[in-house]
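Below, each chain spelled out in residue letters.
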Amino acid sequence: MKIYKTAFLLLLIAFVAGCSKNEVVDLQPIDLIPSDRAISDMNSVTQALQGVYGTWQARRSVYISSLISDEVRLGTGTEYRNVGNILFNWQHVSDSQDWRDAETGGVWTNMYAVIDRANRLLELMEPVPTANATEASLKTQYRGELLALRAMAHLELLRHFSETPDYQPEKLGVVIMTEYAKGPGTHRPTRNTQAQVVTQINTDLTEARALIPASFTNSSRITRNAVIASQARVALYTKNWQEVVDRTSEVIPLQPLTPLSEYAALWTTRNLPDNQSTEVIWQYNITLGNLGFALGSLYQDLNAAVQASPSEKLLNSYDKINDIRFATFFRTSPRNLIAKHGVVIGSNSENFLYDIKMIRTSEMVLARAEAYAELNQLGLANADLRMLRAARITGYTHVDINDRAALIAAILQERYKELAYEGQRYLDLRRRLLPIQRDLSDVAGNTAIQVLQPTESKYLLPIPQQELLANPNIGQNPGF
Amino acid sequence: MRKILALMLGVIVFYTALHAQQTRAIAGRVTDENGQPVVGASIIVQGTNIGTTSDANGYFTINVAPTARILLISAVGYGQQEITIGTQSTVNATLSIASGSMEEVVVTGYTTRRRSQFTGAASKVTAEKIAQVPLGSFEQILQGRAPGLYISSSSGQPGNSNSRVNIRGVGSISGSNSPLYVMDGIPIEANVFRSMNPNDFESVDVLKDAAGAGLYGAAAANGVIVITTKKGRAGRLNLQYRGQVGFSQPPTLKNLRLMNTEERLQYEENILGGTAGILGTGLTGYPGWDYSPRNPRYQNLTPTQRATEAALLDSIRSINTDWASLFFRNGKFDQHELSASGGAGNLTFYSSLSKYKQEGVIIRSLLDRYTYRGNVDFKTNRLTIGLRSSAGFSQYSQIESESAVALANPVAAAYLELPYRKPFRQDGKPNVGTGQTGANAYDRLFTTTDNINQFKGNLGIQAQFEIWNGISLRNTSSVDWRNNNSTRFIDPASWAGGLVATGAQGLYNEGNSENLILFTRTGLGYDKLIADKHNISASAFVEAIRERNRSIAATGYGINPQLPNTPRGITSGNATFLPAIGGGRSLSGRFSTLALVEYTYDNKYTFFGNIRNDAPSQVPLKNRDNIFWGVGGSWNIIREDFMEAQNIFQDLRLRASHGEVANVAGFASDFGYISTYSSLASGYAGVPAIVPSSPGNEEYSLESQVISNLGLDLSVWDRRLRITTEVYKKFSKNLFVSQGLSRTTGFNALSVNAGEVQNTGFEFDVNTDVIRGRELLLTIGVNGGFNKNEVTSLGLLSDIPAGTGIFRVGYPIGTHYTVGWLGVDPQSGLPIYEDIDGNPTTVYNAANNRSAYGTYLPSFVGGATLDLTWKGFFASALFHTAQGIQRFNNESFFYETTNSNVQFNKRVDMLNSWTKPGDITDYQRINSQRQFSSKDIEDASFVRFRNLQVGYTFRPPSTKIVNNVRLWGQAQNIYTWTKWQGFDPEESNNIANYEFPNPRTYTLGLDINF
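Remember, predicted model here, so these are calculated numbers, not experimental data.

About the thresholds
Numbering of residues starts from 1 in every chain and runs along the sequence as written. Starting at A for chains and at 1 for ligands, labels are handed out in the order in which the entities are written. Local features in this predicted model are restricted to residues whose pLDDT is 70 or higher, and side-chain atom pairs enter the listing and the counts only when it is 80 or higher, whereas totals over whole chains, interfaces and linings include all residues. To obtain the side-chain values, all non-hydrogen atoms of the structure were included, while hydrogens and water were left out. What counts as a helix is a DSSP run of H or I of at least four residues, what counts as a strand is a run of E of at least two, and both are numbered from the N terminus. Relative accessible area decides the class of each residue, using a 1.4 Å probe on protein chains only: under 20% of the type maximum gives buried, over 50% gives exposed, and in between gives partly exposed. The protein chains shown are the only cover counted for residues, whose accessible areas, like all others here, come from Shrake-Rupley with a 1.4 Å probe. Counted as positive: Lys and Arg. Counted as negative: Asp and Glu. His and the chain ends are not counted at all. Charge positions are represented by NZ for Lys, CZ for Arg, CG for Asp and CD for Glu. Here the globule rule reads 2.2 Å times residues to the power 0.38, and the radius of gyration is calculated from C-alpha atoms. Contacts were defined at the residue level, with two residues in contact if any of their heavy atoms lie within 4.5 Å. Note on definitions: buried area is the accessible-area loss of two parts on being combined, 1.4 Å probe, summed for both. What makes a salt bridge here is a side-chain nitrogen of Lys or Arg within 4 Å of a carboxyl oxygen of Asp or Glu, nothing more. Side-chain atoms alone can form a polar contact between residues adjacent in sequence; in general such a contact is a pair of N or O atoms within 3.5 Å, and within protein one must be able to donate a hydrogen while the other accepts it. Each residue is assigned to one of three groups, with Ala, Val, Leu, Ile, Met, Phe, Trp, Tyr, Cys and Pro labelled nonpolar, Asp, Glu, Lys and Arg labelled charged, and all others, Gly among them, labelled polar. Pairs of strands are assigned from DSSP output, requiring at least two bridges between the strands. Interaxial angle, 0 to 180 degrees, is taken between N-to-C directions of lines fitted to C-alpha atoms, where a helix line uses only the stretch in contact. Angles below 35 degrees are treated as roughly parallel, those above 145 as roughly antiparallel, those between 65 and 115 as roughly perpendicular, and all remaining angles as oblique. Left-handed describes a crossing in which the near helix is turned anticlockwise from the far one by less than a right angle; the clockwise case is right-handed. Aromatic contacts are taken between Phe, Tyr and Trp rings whose centres are within 6.5 Å, Trp giving its six-membered ring; a plane angle under 30 degrees counts as stacked, one over 60 as edge-to-face, and the others as tilted. Only when the NZ of Lys or the CZ of Arg is both within 6 Å of the ring centre and within 35 degrees of the ring normal is a charge said to sit over the ring. Only buried Ala, Val, Leu, Ile, Met, Phe, Trp, Tyr and Cys residues count toward a nonpolar core, and they belong to the same one when joined by side-chain atoms within 4.5 Å. Each residue carries a pLDDT score, the predictor's own confidence in it, on a scale running from 0 to 100. Under the convention used throughout, the expected extent of a helix is 1.5 Å for every residue step, that is, one less than its residue count. This arc is built from the directions going out from the helix axis to the C-beta atoms.

Quick look at the overall build of chain A
Along its length, chain A carries 19 helices and nine strands. Along the three orthogonal principal directions, the C-alpha set of chain A runs to about 110 × 55 × 45 Å. In chain A, which comprises 480 residues, the proportion classed as buried is 60%. Here chain A displays about 17600 Å² of accessible surface, and carbon together with sulfur accounts for 53% of that area. Mean positive and mean negative side-chain charge positions of chain A (47 and 50 charges, respectively) differ by 2 Å.

Below is the structure:
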């Protein structure tokens, strides 16, 4: 009987040990946080808000703007790796190799990711309790930041992917997302009109502006100034000139232009103070962790291979001796290089770790100048242009431009020079219905890629193929 | 020895002696047809697991219950005999030789069945085919041995363990298609065999259908590979030494020749330079053009300058570096093993120690392995306990950037570097520097390391207790554990060290990853033979499995050159670089209940049925009840009365099975069903951040499969011709597909259970004893499997593009998807592609991708064997083939592009590149863009003379110490027939990216049995 007992005992233990089904099967992830308890207190709300910021990749729109427009010429030499040639040669289709998620087509994907992250948090943070008045006001401010991020991402989408180059209220814009897709597998929305998108953007910005206190001055995030500047951007895009004047006039005194003496440092300081002490209204924080988002590596890699060089057209537009921007934005030895976001020369230990200037007062000043000119207030327009140039060119003396068209052209040229490699050039040409025009020297004599008229199909950007496949309702842009 | 073992056992099972009750002893002797004793024959009481083996002189004794009626006596290489026991206490048996595969047993891990009563499709590979093959990873040894089993190595590095192993095609689109591996009833981690010694394996059963693999329910869809390790046999102590030494040779480049110096200089002068070329008129870095009299600059040179340049060109012309020979080498190989086995009374044991060291055919590649196995079996008439333990340690040293399109990869560098470049400087050091592809890659092999130290341990216990009248209580419990410790070092003082993006002073990385599988199975079994005719076997179990994995890795930079290859050399970093740390943890589990029954009537009709419920942790609660089932039947026609009159067939058996199983390895992640946030590692602005990582899927469920199989076994010609054939259909459904999402959802894709794939096929295994004499035996075997794979549904989608491939309804998995190539326009010299309608166009557009270029998964896989024995001599040969494989040759892209990559060496045919209107050529003009196209898809089918072994076994005269000695030699990968261009057609994936080729290996072996 001893045998029975021992054997039974042995096997019974094994049996019982193996028998607790729930223990075996009812498991919780270790490395992931289930969404239903990810956002539970203000600390986790803060983390998720940082996650929305951390999702935004400005790099992608800067890349498109540089390659498709007249800011760069393709790299030369054996190190050149064929990067960006499809876009530069205006051969982009909706399924181009470099039009997928990696780089350029990513604006579409990335901005909707930002919008989704914001929408999720807006909903999930709603029931989160606040312990005191400080937390309650923080929660209000967070809501403002999220609405602003959502609005700004919609604006980026609208400006890149509308079916017309400039603002046409009744034409198709992009999809408005004001809450996250509950059934992602069957979510196949159609596009809203541009006017609808603009209305939504303005609604969000208006609310955000009211929710974010002026006392919140962290320029690595969306401050009230950044919301006002965004309102100005929307107004400029929609040609609402008086609104441009009003909003820019509000924000310019709050963060004045960085003067000539400090301008170079603005570009050589890796991490700018984030207290609104410079003209940078929103700076995207770059650290070692998100170095892949940095802009400098778009033009050069760390092995000094040059993917894109500054266009001769842009280089020749500056007063090379007196204009601080020329020496700040470029190197001409050993060859012409873009240095605005860091530069590798020889074996220096550059790693392109620079905060990204997302919105600057310079842009606001030039936007106001353009609006004044459009409103036929040429004196005020000249004054703004003078103010900007005086802060960039040593010994600048202004001669008023009294022809309205010439003045607007000069203002746009100034945007080209001031805001180069900041993702603005292509959008500026689009909204003004101007051709993309390159110098012959910048296209290696290939006249086929010298001029692209707004009426030509490649002037627009295609909706990425991956979106069309998943969502046939989206509709492609004309010409693709 | 015996005492130690007894003590070991005592510790584990608490007692040392048991007494048989109500049984009687039967003794006997097993001999062959010549009256010679058969050693190690298995004697089993029919319908039970009670058995013993014969000793060195063929004698055995066995205790049998009063109910025992029939003894089944069998031995490897002999037919099985059934002996009815009456009241006698002595039973003698005479076994006849070589009934081949017809009467062996099939081990499923749940049951052990005689093949004549097995209703499923299974192939067996026995120890002698597995042992002593000079391959560091076990799976590849099975190549060509079992029909329907496709094995393709991902690399020829010794010990590389990412082979593709597919049983009857692939049935999962995005999940794993690897079979379940079960060793001695214990589930073990797939694809981790680097630290195991295949010499310890007694047999491998490949289970392919509902009646075999189907027992594993949720884990059965990819088939099951059941490994049985060696056990001791009662009788005298067997001591064995086995050893072999040899070397591996690099393969030669097939169907492709790259330029030598003379040709390269011509290419530079005439194609890269010249009128249509891309090189300017100054010094361009390409000497063939720079110093050419055809270069316009030549006109401006003084006679002295011209003479100097001509001399320079001559000195360059005299260099002709064979880069491949610099990286490749003959790798040394040696393997030694000592094993001891035996047993007495209730106890048998098997133990082995082995050492295996193999150098790869590229510098630095190495596998150095040490293994141990100890198996102990304890048996009384009521209690059976089996202990299985193994431990292995291996050091695996890899080359740089293996299987990567990277200049650091020696295989890539061997193709791409120019023949007129010098590998070494005057001082003998590698000629490293910008653009020195070959020298840089060579230098890296000495200034960097990339090692994995693996420890693998496996411990299992199987216990069975006979309760009453054929009913027994059974338990199997096990631990399978694997730890990889990986280290990576780049010397800060080296060229490579300066290129480390972070800090530019080398790096040191160390990481640990661990996988743990805990398993337990408990249940009741019933085995009974009633009235001599009704053989019933039934069991019911509860099972639980838990798998955990964890990893951590740290990388430090700014290495102090005084402290190489240790974490101590890491500096703390600064504002531009910091050490990086990463890792993660996950776990999964499954709880199952199952029952199975087998019934055989009169050894004529067998019915099999099983049913089980699997609850995997990877699905939401509502999908955790999953019923799987299988039925099977076999009709042993030869046993029918009406067959008695015929004398054509010696075996004739029909089998059929049908059932439903699932693929628990189909999940892309352990918690894919949950909507989750995860940490954004970079945070934002120095603050920790979280982001949504998955939208979740509440409908997440198991990939499932319906399998049907029909089999026929027959033998004729006095069992000299043995044939097994199978036809099957596997219908896989609820397959995960990555359904693209509208990006407005914030996510790119969602894993949904929407795909359906069908595999249908035919398999055959034919063995014939061409000569079967007393001294001469010649057996030839041919096996193969045709498989047709087709995606039958992708849910809402009809296409899922995936890189250069596509999943498309109506096409097989692995279908290539690219633009068609039509040639080069004689007028313009531009490449001509096909548009979507097949019309020529010079405009490349990915929208013209077509799925017309085949698949990389084979439609036929087969093997052929030849075994010859004559007196003490033996020879055996293995051929292996895989047909119907098309692979993307990424390598050919590099040696044919003309607008970039011109700094790399080209195929010699590129001298015929288009240069002027009217040229008819396959190679486009310089400076035109040659895109990936159908031109890069090549036939990678092959036939390979895989293995040849020749040896002689003899008993040294006048010695009592040595029982017998076997001297032998073998060659592995002797020759390959293929159209593929490159080093090796065999590879596990769709695209050739400079993989480490499989080597040819020669060894000499010595086995001594004491």
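Moving on, there is more to tell.
What about the overall build of chain B?
Regarding its fold elements, chain B presents ten helices and 49 strands. For chain B, whose C-alpha radius of gyration is 32 Å, the value lies close to the compact-globule estimate of 30 Å for 1010 residues. Burial analysis of chain B (1010 residues in total) assigns 60% to the buried set. Long-range pairs, those at least 24 residues apart, make up 69% of the contacts in chain B with a sequence separation of at least 6. Carbon and sulfur atoms provide 56% of the accessible area of chain B, an area that totals close to 37900 Å². Of the charged side chains in chain B, 89 are positive and 83 negative, and the gap between their average positions amounts to 5 Å.

Notes on the interface of chain A and chain B
Contact residues are listed per partner, giving 77 residues for chain A and 75 residues for chain B. Taken together, both faces of the contact between chain A and chain B bury some 6300 Å²; the carbon and sulfur share is 65%. Applying the counting criterion to the chain A and chain B interface returns one salt bridge. Here B:R624 ties to A:D26 by a salt bridge, and the two come within 3.6 Å at their closest N and O atoms. Applying the counting rule to chain A against chain B returns 14 residue pairs in polar contact (both at pLDDT 80 or more). Within the residue set of the side of chain A that touches chain B, elements represented by two or more residues are helix 1 (2-17), helix 2 (21-25), strand 1 (33-34), helix 3 (35-38), helix 4 (42-55), helix 7 (106-124), strand 3 (280-284) and helix 19 (465-470) of chain A. Looking at the side of chain A that touches chain B residue by residue, the classes come out as 38 nonpolar, 27 polar and twelve charged. In the sheet, strand 1 of chain A pairs with strand 30 (residues 676-684) of chain B via two bridges, with the strands oriented antiparallel. Residue pairing for strand 30 of chain B: A:I33 is matched across the bridge by B:Y677.

Let's talk about unusual backbone geometry
Only a minority of non-glycine residues have a phi that is not negative, and only a minority of peptide bonds are not trans. All names here are of chain B. Even without being a glycine, D718 presents a positive backbone phi close to 55 degrees. Positionally, D718 belongs in the loop between strand 32 (703-716) and strand 33 (721-740). Notably, R719 is not glycine yet its phi reads approximately 60 degrees, a positive angle. By secondary structure assignment, the location of R719 is in the loop between strand 32 and strand 33.

So, the packing of helix 7 of chain A against helix 8 (residues 133-161) of chain A
Residue and element names in this part refer to chain A. For the pair helix 7 and helix 8, the least separation of the axes is 9 Å and the interaxial angle reads 155 degrees. Taken together, helix 7 and helix 8 sit at an angle that is classed as roughly antiparallel. Every pair of crossing elements has a handedness; the one defined by helix 7 and helix 8 is left-handed. On the side of helix 7, the interface is formed by V107, W108, M111, Y112, V114, I115, A118, N119, L121 and L122, while helix 8 contributes R143, L146, L147, L149, R150, A153, H154, E156, L157, H160 and F161. Here the contact of helix 7 with helix 8 is composed, by residue class, of 15 nonpolar, three polar and three charged.

Some details on the sheet that holds strand 1 of chain A
Across the sheet, three strands lie side by side as 1(A)-30(B)-31(B); this open sheet has antiparallel pairing. The open sheet has two edge strands, strand 1 of chain A together with strand 31 (687-694) of chain B, and neither has a second partner. One ladder, built from six bridges, connects strand 30 of chain B with strand 31 of chain B; its direction is antiparallel. Across the sheet, residue B:Y684 finds its bridge partner in strand 31 of chain B, namely B:V687.

Some thoughts on the packing of aromatic side chains
Under the defined criterion, the tally for this structure stands at 53 aromatic pairs over all chains. Where A:Y299 meets A:Y421, the ring centres are 5.3 Å apart and the plane angle is 65 degrees; that geometry is what we call edge-to-face. Placement of the pair is A:Y299 in the loop between strand 3 and strand 4 (308-310) and A:Y421 in the loop between helix 17 (404-418) and helix 18 (425-431), with a sequence separation of 122 residues. We classify A:Y421 as buried; its relative accessible area is 0%. With 6.4 Å between their ring centres and 20 degrees between their planes, B:F764 and B:F860 make a pair best called stacked. Note that B:F764 is positioned in strand 34 (residues 749-772) and B:F860 in strand 42 (residues 860-870), a separation of 96 residues in sequence. Connected via pairs of aromatic rings, a cluster forms that spans B:F328, B:Y415, B:F888, B:F893, B:F894, B:Y895, B:F932, B:F983 and B:Y994. Sitting above the plane of the A:F329 ring, A:K340 keeps its charged end 4.1 Å from the centroid. We note B:R887 situated over the ring of B:W980; from NZ or CZ to the ring centre the distance is 5.1 Å.

Here's the deal with the nonpolar core
In this structure, A:I39, A:W56, A:I222, A:W282 and A:Y284 are the most contacted members of the largest nonpolar core, which totals 137 residues. No other element matches helix 8 of chain A, which puts twelve residues into this core. Counting 37 residues, the second-largest nonpolar core is a separate cluster that includes A:L27, B:A218, B:V226 and B:F671.

Describing the pairing of strand 21 (residues 383-397) of chain B
Residues and elements named next belong to chain B. Counting buried positions along strand 21 yields eleven of 15 residues, so the element is predominantly enclosed. The pairing of strand 20 (residues 366-379) with strand 21 spans 14 bridges and is classified as antiparallel. Opposite L366, over in strand 21, you have S397 as the bridge partner. Between strand 20 and the antiparallel strand that follows it, strand 21, lie three residues. Strand direction decides the pairing type here: strand 21 and strand 22 (residues 448-468), joined by 15 bridges, are antiparallel. Residue pairing in the sheet places L383 in a bridge with F465 of strand 22.

Remarks on the confidence of the model for chain B
Residues and elements named next belong to chain B. Put simply, chain B has an average pLDDT of 90, and 95% of its residues get 70 or more. Low pLDDT, under 50, characterises residues 1-21; the stretch is placed with 29 contacts to residues that sit more than four places away or in other chains. pLDDT under 50 marks residues 98-102. Its contacts with residues more than four places away, or in other chains, come to 20 contacts. Across the assembled chains, the prediction reports ipTM 0.92 with pTM 0.86.

Some remarks on the packing of helix 5 (residues 59-68) of chain A against helix 7 of chain A
All names here are of chain A. Interaxial distance between helix 5 and helix 7 falls to 9 Å at its minimum, and their mutual angle equals 155 degrees. Classed by the angle they form, the pair helix 5 and helix 7 counts as roughly antiparallel. Where helix 5 crosses over helix 7, the handedness of that crossing is left-handed. Listed contacts from helix 7 to R60, S61 and I64 of helix 5 are G106, V107 and N110. Among the residues making up the contact of helix 5 with helix 7, the classes are represented as two nonpolar, three polar and one charged.

Brief notes about helix 10 (residues 224-237) of chain A
All names here are of chain A. Between its terminal C-alpha atoms helix 10 stretches 20 Å, which fits the 20 Å expected from 14 residues at 1.5 Å a residue. Of all 14 residues that make up helix 10, 13 are buried, and the element is covered over most of its length. Two residues or fewer past helix 10, K239 is found with a positive phi of approximately 60 degrees.

Concerning helix 12 (residues 260-268) of chain A
All names here are of chain A. Turning to helix 12, its buried residues are Y263, L266 and W267. The arc that holds every buried residue of helix 12, seen down its axis, measures 80 degrees, which confines them to one face. Turned more than 90 degrees away from the buried face of helix 12, the exposed residues are S261 and T268.

Some thoughts on the side chain of B:T745
Residue and element names in this part refer to chain B. Note that T745 resides in the loop between strand 33 and strand 34. Residue classification places T745 among the buried residues on the basis of a relative accessible area of 1%. A distance of 3.3 Å separates the side chain of T745 from the backbone oxygen of F747, its partner in a polar contact.

Focus on the pattern of salt bridges
Side chains that differ in charge, positive against negative, can pair when their charged atoms come close. Residues and elements named next belong to chain A. Counting across every chain of the model gives 87 salt bridges over all chains. Close ionic contact of D116 with R120 constitutes a salt bridge, the shortest N to O distance being 2.9 Å. Separated by four residues within a single helix, D116 and R120 lie in helix 7, roughly one turn from each other. A residue is classified by how much of its surface remains accessible, and D116, at 2% relative accessible area, is buried.

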